[in-house]
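# Secondary and tertiary structure notes
Spelled out, the chains give:
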Amino acid sequence: MQPLVATRSIFRSSRALSLRRAYSTSPSPPSKPYYITTPIFYPNAKPHIGHLHSLVIADIYARYAKLCDPDRAVHFVTGTDEHGLKIQNAAKAKGLSPLQFCDELSVNFRNLAKDANTTVSCFTRTTQLDHVAAVTHLWKELEAKGLIYKGEHSGWYSISDETFYPATQVTQLENGEHISTTSGSKVEWQTEVNYKFRLSAFRDSLRTHYTENPDVVFPPQAHQEVLAWLEGPLEGLSISRNRSRLTWGIPVPNDPEQTIYVWIDALTTYLSSVGYPWNAPNESSRPIWPPNVQVIGKDILRFHAIYFPAMLQALGLPLPINLLSHAHWTVDRAKMSKSVGNVADPVEFIQEHDSDIVRFYLARVGGRFRIDVDWSEPQLLKHRRELVTNFGNTYARLASPAMAERTDALRPADAASALRAAHPVLAEQLASLPEVFDTHMRGFGLADAVAAVVDALEQVNVMLTVVRPWDASVPAQDVADARWIGLEALRQCAILFQPIIPVHAEMLLDALGVHGGLRSLRDAGFGRPALGKTFPKLLLWENKKAKK
Ligand code: ME8
């Protein structure tokens, strides 16, 4: 098994490794560029916090891949899903052509990726000509393999979710309307002749894949859900719509009466964004494929765990290595959604609190991935204070000129052993911190990785409270030991937090005098003599919202 983001963990001890399993199963070469994706979002309205969540989680892992191996190329894809009935109807309601409508709204998603300080390397719009050509090519490939056939399809269709639901997942309301019990969206009965994909042909191979590789989908419950879907038969997947119903989409090759189903179109983004269709069928013509991690919300697990892998198997391509299916942000326990309108505006929060604070909150609270959580500004402010106290105030205390004056001459030559002698428990915690952090990260335990860093800094503060280095009666050597171990902890934590709060981690590392080439995971080990000599005054977070 290969680990998740690093070529292999740089840490050898089995203690922390036994905390979690490393998620990965791909046979592809470990040196290939790290490829990570988010869903491509429907630009039927402005983005909300849920979209930002997927973007930030993917960015944290993209940055983490760099932290593990600064030389490794990272390819990070996001974008907008611009075809289909949902967009067609939304554009009509605004009196715009679908393309004008998408032009106006897609840019909000592109800007959000910038505002949140993400390292997106490719923003794909499904209306791009190269993408359209890729979808047409993919259709022809599937057709040439005899996997597409024509048949009548009837079922309950949700325009909001752009999918059919089986009758078992539909219920009738008192007003006579039908809704999906899975998503709560309105469904309507549709019958038409269209093209279908022979999904059933891939049930056994998918079942084998997920059985032999039990760590592909995270969290494990989601993996089990996927296996349960594969217990029963898979019906043919309807992959086109009648042109009379859906004009806004890519036409089926050689049949202008039919439009390609928006999900086939959308899923192809993951291929078109790395150069599909490739010139040659061999691995060297597609150096980035497959995705290392695909970040998705749990609402679209079936599309990514069943339909997309079946398409890839049909094309003879390796499957994505990991699928990270995160839970939802809710408002009063209801899923935040553009269609419902109960959304929190991510741009507003970033402007008011700055991107690092919002990223930290998303990772700290949303980084458990398994449970839905209510978005709450008071909670965000609580976690803001956590950052300010643990990073900002600790730095301000330890960098103070008064403390520098008393301790500069007492800087230990062999920091690690001197600090181990003075503060054995804290030194032990800091010594294992990088490995604990790495192990959690590689096992998709983002919230636990974040908590490990926060806890280490809290322990530094406890140590400072006990030692009282600001008290003139405390012996200078005790002050020096407390100061150097505290600064060392800050250095380690800032290195580890670069993927999570990139702006402030960099400010802190600059202030600590840490050389730009000594900021990788490998450099986060305890007691590396990499600190500067003087520490400037540094305001890590403005106080504008702190009083709330
Ligand atoms: O489904 N909490 O697009 P979409 C957390 N175009 N994440 C959320 C969320 C919430 N309340 N709401 C949305 C589509 N998301 C398709 C995808 S991919 C080939 C095509 C995030 O605009 C989450 O990642 O409805 C979810 O899966 C995605 O946005 C759905 O975005």
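Residues numbered from 1 in each chain as written. Predicted model: local features only at pLDDT ≥ 70, side-chain atom pairs only at ≥ 80, totals over all residues. Heavy atoms only, no water.

Right, let's talk about the overall build of the chain for a bit. Counting its regular elements, the chain contains 19 helices and 18 strands. Relative to the globule expectation of 24 Å for 548 residues, the C-alpha radius of gyration of the chain, 26 Å, shows essentially globular dimensions. Principal-axis analysis of the C-alpha atoms gives the chain an extent of 85 × 50 × 40 Å. For the chain, buried positions account for 58% of its 548 residues. For the chain, contacts bridging at least 24 residues in sequence account for 77% of all contacts bridging at least 6. Only carbon and sulfur atoms are counted for the fraction: they give 53% of the accessible area of the chain, which is about 22,200 Å². The average position of the 57 basic charges and that of the 56 acidic charges among the side chains of the chain differ by 2 Å. (Helix = DSSP H or I, 4+ residues; strand = E, 2+ residues; numbered from the N terminus. Rg over C-alpha atoms; globule rule 2.2 N^0.38 Å. Buried < 20%, exposed > 50% of the residue type's maximum accessible area, 1.4 Å probe, protein only. Contact = heavy atoms within 4.5 Å. Areas by Shrake-Rupley, 256 points an atom, 1.4 Å probe, with all protein chains shown as cover. Lys, Arg positive; Asp, Glu negative; His and termini not counted. Charge placed at Lys NZ, Arg CZ, Asp CG, Glu CD.)

A word on the site of the ligand. Taken together, 25 residues form the shell around the ligand, and within it I40, S54, D81, W329 and K338 come nearest. S54 is positioned with one of its side-chain polar atoms (N or O) 2.6 Å from an oxygen atom of the ligand. Protein chains shield 96% of the accessible area of the ligand, which is 670 Å² for the free molecule. Sorting the residues of the shell around the ligand by element identifies β1 (34–41), α2 (49–68), α8 (262–267) and β14 (293–297) as the ones contributing at least two each. Tallied by class, residues from the shell around the ligand come to 13 nonpolar, 8 polar and 4 charged. (Near = heavy atom within 4 Å. Polar contact = N/O pair within 3.5 Å; in protein donor to acceptor, adjacent residues only side chain to side chain. Nonpolar A, V, L, I, M, F, W, Y, C, P; charged D, E, K, R; others polar.)

In this section: the side chain of N322. By the element assignment, N322 lies in strand β15 (residues 322–326). Relative accessible area serves as the criterion here: at 1%, N322 is assigned to the buried category. Here D215 takes part through its backbone oxygen, which lies 3.0 Å from a polar atom of the side chain of N322.

Glancing now at the nonpolar core. One finds W375, F391, L446, F497 and I500 to be the most contacted residues of the largest nonpolar core, which totals 98 residues. Per-element tally for this core: the top contributor is α2, with 13 residues. In this structure, L446 is in contact with I57, I60, Y61, A363, G367, F369, H440, M441 and I500, ignoring residues within four places of it in sequence. Counting 60 residues, the second largest nonpolar core, distinct from the first, contains V77, L206, A222 and A305. (Core = buried A, V, L, I, M, F, W, Y, C linked by side-chain atoms within 4.5 Å.)

The next point concerns the sheet that holds strand β16 (residues 329–331). Read across the sheet, 3 strands follow the order β17-β16-β18 without closing on themselves; strand pairing throughout is mixed. Of all strands in the sheet, those bounded by a partner on one side alone are β17 (334–335) and β18 (373–374). Relative to β18, β16 is paired through 2 bridges, and the arrangement is parallel. Across the sheet, W329 pairs through a bridge with V373, a residue of β18. Those strands touched by helix α12 (residues 355–366) are β16 and β18, and its axis lies near 95° from that of β16. (Pairing = 2+ DSSP bridges. Axes fitted to C-alpha atoms, helices over the stretch in contact; angles between N-to-C directions.)

Across its 22 residues, helix α13 (residues 377–398) extends 30 Å between first and last C-alpha, which sits within 8% of the 32 Å expected from 1.5 Å per residue. Within α13, the axis deviates most sharply at T389, by approximately 30°. Residue S376 occupies the N-cap position of α13, its side-chain oxygen lying 3.0 Å from the main-chain nitrogen of Q379. (Expected span 1.5 Å × (residues − 1). Bend = angle between axes of the 7 residues up to and from the residue.)

Take the confidence of the model for the chain next. Scored by pLDDT, the chain has a mean of 91; 93% of the residues are at 70 or more. Taken as a whole, residues 14–28 scores under 50 in pLDDT and shows 51 contacts with residues more than four places along the chain or in a different chain. (pLDDT = per-residue confidence, 0-100.)

Closest axis-to-axis distance for the α13/helix α18 (residues 476–496) pair is 10 Å, and the angle between their directions is 145°. You can see that α13 and α18 cross each other, and the crossing is left-handed. Facing N390, F391, T394, Y395 and L398 of α13, the residues of α18 in contact are A482, R483, G486, L487, L490, C493 and A494. Tallied by class, residues from the contact of α13 with α18 come to 8 nonpolar, 3 polar and 1 charged. (Left-handed = near helix turned anticlockwise from the far one by under 90°.)

Extensive coverage of β15 is indicated by the burial of 5 of its 5 residues. Examined bridge by bridge, strand β9 (residues 217–218) and β15 share 2 bridges and lie parallel to one another. Bridged to F218 within β15 is L324. Crossover β14 to β15 through helix α10 (residues 301–315) is right-handed. (Right-handed = clockwise from strand over helix to strand, strands pointing away.)

Burial analysis of β1 places 8 of its 8 residues in the buried class, the great majority of the element. Sheet analysis places β1 next to β14, joined by 2 bridges and oriented parallel. Bridging from a neighbouring strand, I36 pairs with V293 of β14.

Before going further, it helps to examine the packing of α12 against helix α17 (residues 446–467). The interhelical angle for the contact between α12 and α17, taken along N-to-C directions, is 110°, at an axis separation of 7 Å. Classed by the angle they form, the pair α12 and α17 counts as roughly perpendicular. Within the contact between the two elements, α12 uses F360, A363 and R364 and α17 uses L446, A447, V450, A451 and V454. Class assignment of the residues belonging to the contact of α12 with α17 gives a composition of 7 nonpolar, no polar and 1 charged. (Parallel < 35°, antiparallel > 145°, perpendicular 65-115°, else oblique.)

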